[in-house]
Amino acid sequence: MKNGGYSPSSKALGMGTGFNVHCLHCGYEEDFMEGKGMVVHEYSLKRYLEEEPFHVHRMTHRKIEQLARRYGHLRIDAEYRLLLCPHCHIPFSRLHITVFDRERIYHQTRFRCTHCERPLKEIATGNIENYRCPECLEKSLVVGLDVINWD
Ligand SMILES: [Zn+2]
Ligand SMILES: [Zn+2]
């Protein structure tokens, strides 16, 4: 194939994916979402504020409003990312926001561990096995068999 390496994925169809994670010890369960979808993707900042297609933390929203007032041309992009606390080994799935133009990034979400407050690191898709449960802190998280399509 000419364009070797590229294969159409759910992302090409504008659909987000995810998977269910649960704890064998305490029964904690959560859907971890990844990537972008029909609603969670790039917009002009103006359109984002008019339609609010997806919700962000209210502090982030305030920041977006301030930036929109100062710079009319900015764009916003969003995607779900898998993150890990390197200290606690607790995984998280969070909506990551970037406000940018061609020159630079004006704002992006920085996540901290809910347990120890340290900065989180991005991790690879589906790489959750044997991480620590955010509820009971046992190393008993497993990934369910179901793949979730959201949007
Ligand atoms: Zn647990
Ligand atoms: Zn931590």
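About the cut-offs
- Residues numbered from 1 in each chain as written.
- Chains lettered and ligands numbered in written order.
- Predicted model: local features only at pLDDT ≥ 70, side-chain atom pairs only at ≥ 80, totals over all residues.
- Helix = DSSP H or I, 4+ residues; strand = E, 2+ residues; numbered from the N terminus.
- Buried ≥ 20, exposed ≤ 12 C-beta atoms within 10 Å, placed from the backbone.
- Contact = placed C-beta atoms within 7 Å.
- Pairing = 2+ DSSP bridges.

**Student:** Hey, could you go over the overall build of the chain for me, with residue numbers and the actual values?
**Tutor:** Across its full length, the chain holds two helices and eight strands. Listing every helix and strand of the chain by position from the N terminus yields β-β-β-α-α-β-β-β-β-β. Looking at the chain as a whole, 19% of its 151 residues qualify as buried. Taking all contacts inside the chain whose residues are at least 6 apart in sequence as the whole, residues at least 24 apart take part in 61%.

**Student:** Give a detailed account of the pairing of strand 5 (residues 91-100), specifying residues and quantitative values.
**Tutor:** Pairing geometry for strand 4 (residues 75-84) and strand 5, over ten bridges, is antiparallel. Bridging across to strand 5, Leu83 finds its partner in Phe92. Between strand 4 and strand 5, which pair antiparallel and follow one another directly, the connecting turn spans six residues, one of which, His89, has a positive phi of 60°. Where strand 5 meets strand 6 (residues 105-108), three bridges bridge the pair, whose relative direction is antiparallel. For Phe100, the partnering residue across the bridge sits in strand 6 and is Ile105. Joining the antiparallel neighbours strand 5 and strand 6 is a turn of four residues.

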